[in-house]
Structure formats: C-alpha cells, structure tokens
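Listed below, chain by chain, are the residues.
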Amino acid sequence: MSPIHIRAEPGDFAESVLMPGDPRRARYIAETFFERPRLVNEERGMLGYTGEFEGRPVSVQATGMGCPSASIVTEELIMLGAKNLLRVGTCGGYHPEMQLGDLVIATAATPQDGTVLRLTEGLPYAPAAHFEVVHAAYHAAEAAGRKTFLGPVVSSDLFYDTLQEAQKRWSSLGVLAVEMEAAAIFTLAAMRGVRAGCLLTVSDTLHTGEPVRISDEDMKRAVDNMMELALKTLTA
Ligand code: HPA
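As a starting point, this report considers the structure included with it. Every chain is numbered on its own, with residues counted from 1 as its sequence reads. This being a predicted model, a pLDDT of at least 70 is required before a residue's local features are given, and a value of 80 or more before pairs of side-chain atoms are given or counted; all residues contribute to the totals for chains, interfaces and linings. Each side-chain value is derived from all of the structure's non-hydrogen atoms; neither hydrogens nor water enter the calculation.

1. Some details on helix 6 (residues 182-192)
Part 1 of the argument: Each residue is assigned to one of three classes by its accessible area relative to the maximum for its type, calculated with a 1.4 Å probe on protein chains only: buried under 20%, partly exposed between the two thresholds, exposed over 50%. Helix and strand assignments come from DSSP, with helices taken as H or I runs of at least 4 residues and strands as E runs of at least 2, each series counted from the N terminus. The buried fraction of helix 6 amounts to eight of the 11 residues, a majority that puts the element mostly inside the structure.
Part 2 of the argument: Three or more residues of helix 6 are buried, namely A182, A183, A184, I185, F186, T187, L188 and A189.

2. Some remarks on the site of the ligand
Part 1 of the argument: Close contacts around the ligand come from T90, C91, G92, F159, V178, E179, M180, S203, D204 and L206, and that covers them all.
Part 2 of the argument: At 3.4 Å from a nitrogen atom of the ligand is found a main-chain nitrogen or oxygen belonging to G92.
Part 3 of the argument: D204 places a polar side-chain atom, nitrogen or oxygen, 2.7 Å from a nitrogen atom of the ligand.
Part 4 of the argument: Summarising the interface, the protein chains cover 91% of the accessible area of the ligand, which totals 260 Å² for the free molecule.
Part 5 of the argument: Of all the secondary structure elements, the ones that give two or more residues to the shell around the ligand are strand 5 (84-93), strand 8 (177-179) and strand 9 (195-205).
Part 6 of the argument: When residues of the shell around the ligand are assigned to their parent elements, the largest contribution, three residues, is made by strand 5.
Part 7 of the argument: Think of it as three bins: nonpolar holds Ala, Val, Leu, Ile, Met, Phe, Trp, Tyr, Cys and Pro, charged holds Asp, Glu, Lys and Arg, and polar takes everything else, Gly as well. Partitioning the shell around the ligand into residue classes produces five nonpolar, three polar and two charged. Any residue with a heavy atom positioned within 4 Å of a molecule or strand is treated as near that molecule or strand. Counted as a polar contact is a pair of N or O atoms within 3.5 Å, where, for protein atoms, one must be capable of donating a hydrogen and the other of accepting one, and residues adjacent in sequence contribute only when both atoms are in side chains. Accessible surface is estimated by sampling points in the Shrake-Rupley manner with a 1.4 Å probe; for residues, cover comes only from the protein chains shown.

3. Some details on the nonpolar core
Part 1 of the argument: In plain words, nonpolar cores are sets of buried Ala, Val, Leu, Ile, Met, Phe, Trp, Tyr and Cys residues tied together by side-chain atoms within 4.5 Å. Counting residues in each nonpolar core, the largest one holds 66 residues, and the members touching the most others are L18, F34, L77, L85, V88, V104 and L199.
Part 2 of the argument: Per element, the largest residue contribution to this core is eight residues, and it comes from helix 7 (residues 216-234).
Part 3 of the argument: Contacts of L85, omitting those with residues within four sequence positions, involve V17, M19, T74, L77, I78, I185, V194, R195, A196 and G197.
Part 4 of the argument: Core analysis: the second largest hydrophobic core is formed by six residues, A166, W170, V175 and V178 among them. Contact definition: two residues touch when any of their heavy atoms are within 4.5 Å.

4. Quick look at the packing of helix 4 (residues 131-143) against helix 7
Part 1 of the argument: All axes here are fitted lines through C-alpha atoms, helices being fitted over the stretch that makes contact, and every angle between N-to-C directions spans 0 to 180 degrees. It is at 8 Å that the axes of helix 4 and helix 7 come closest, and there the two elements cross at 130°. Classified by the angle between their axes, helix 4 and helix 7 sit oblique to one another. Seen from above, helix 4 lies across helix 7 with right-handed handedness. Contacts from V133, A136, A137, A140 and A141 of helix 4 reach helix 7 at L229, K232 and T233.
Part 2 of the argument: Looking at the contact of helix 4 with helix 7 residue by residue, the class counts come to six nonpolar, one polar and one charged. Each angle is binned into one of four classes, with values under 35 degrees roughly parallel, values over 145 roughly antiparallel, values of 65 to 115 roughly perpendicular, and all other values oblique. Note on convention: the crossing is left-handed when the near helix lies turned anticlockwise from the far helix by less than a right angle, right-handed when the turn is clockwise.

5. Looking at the pattern of salt bridges
Part 1 of the argument: When a carboxyl oxygen of Asp or Glu is within 4 Å of a side-chain nitrogen of Lys or Arg, the pair counts as a salt bridge. Summed over all chains, the structure comprises 13 salt bridges.
Part 2 of the argument: Notably, a salt bridge pairs K232 with E54, separated by 3.4 Å at the nearest N-O pair. One end of the pair, K232, is in helix 7; the other, E54, is in the loop between strand 3 (48-53) and strand 4 (56-61), and 178 residues separate them in sequence.
Part 3 of the argument: Within this structure, R87, E179 and E181 form a network of salt bridges that share partners.

6. Remarks on the side chain of D12
Part 1 of the argument: Tracing the backbone shows D12 in the segment before strand 1 (16-19).
Part 2 of the argument: Classification of D12 by relative accessible area gives buried; the value is 18%.
Part 3 of the argument: Within polar-contact distance, the side chain of D12 engages the backbone nitrogen of E9 at 2.8 Å.
Part 4 of the argument: In this structure, D12 is in contact with R38, V40, T50 and S59, ignoring residues within four places of it in sequence.

Structure (structure tokens):
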C-alpha cells in the first residue's frame, strides 16, 4: 500500500526515524543536527527530512498531536520501510521530584485514548517501548552523565484534562508523566514487527498544584540535550 499523508517514495526515509510532534521541531532537528538534510515530505505541513548523523542515514518526521495523527504517520513510515522509531516529545511531569527540562525515557505508555483500543479491537493491552531502544537510550544518558527518569508514562487524548486529581492518581500507580502519542506508536510498532521508543522533555510540571510551564529558552536547551541522546540512541 502507498502512503497517502506522507508523500514520499520507498528509500526517501532512512530505517531510523525521529518523531517529534511539532513540524517546526522536525525542521529544527534536521537543520541543526543532520548532515546534508533534505526535505522528503511536506504534505499537510507535516515536515519530514532525511540526512545523516555521524555518517549514518537518519530521518525525522513530525507526527502531529495525539494518537490518531501519530498512528497515521507511524503506519505510513513503516510502509516506507522504517524499522527504528523514536518519539522525541514533551510531557507533563507527574513525579513529585520532576523539574522543568528533565528527561524521561518511557518504558511503557498506558493508552488513555481510543486509538489503541481500536487497534486491539478492545483487548486490554500494555504498549511498551522496545527493550533495545530503552537499553540504548539509558546507556546514552549514562555516558552523557544525564539524570533521567525511566519508567511508564500515560498517553492521554486530552491536553486540557479536567479529570480531578489526575496527577495523584497516575503517580500512585508509578506513572511518571503524561503525553499524547507514545501508546499508539508503541502498539503499531509491536503489531508491525519494528522497534519503537520514546524520549520526553518535561515541559510542564503537574505536581505543584497549578501547572507550571517551561520558558521557550529553557525548552530549546532541554530539547537540544534530548536530541543528542536521541541521535546516539538511534545510531547505537
Ligand atoms: N499533557 C499532555 N501532554 C503534554 C503535556 C501535558 O500537560 N505537556 C506536554 N505534553
């Protein structure tokens, strides 16, 4: 089947693909960290680029926001030959010790969302990151001396969540943070036999009463740090 939303040909994307939510972040990643980046998709503004990192082919493709959008992009990247998928995104921190800019390596993503239920046709399922990706990310973080939070996150289909005490409830289950795409990416990767992982920068802390949001400057610095680890993880 040919992809409809990613207008590219087999061979345009590398087997290893970084997957930010934001198209402008995809462009920033390609222009800042790739050697010889070339634009390979711009359908619907969902920018995708292919280039090299330390001589190895690598791509970046925006997913958009939420599991429905991320599932379309994941399916189509896999159709185009992707084998190693790494979401690089932001999250709301639930863990009481989390600070803005901290790094999370997701080991699993609870689907608080309809997409995964549809994919599994209602079967209860625990979407997990591929061990080799988690292993590579953890060792890249250790080698860089980076403090990391490693553990489960929840993929919600709501950003503006009115659920009372969401942070307390998820925290009491050991869930570190909330984001919106990993569960669908992990599920599709498992279904199609490819590897997926997820690195997140804490952009909001949700354990302090009122949510606190990171500044644009601090976000840029934290994302730059995350990208170095992400590229080391994908090319390990
Ligand atoms: N909720 C869901 N997803 C997010 C958040 C949040 O607070 N922050 C960054 N991604």
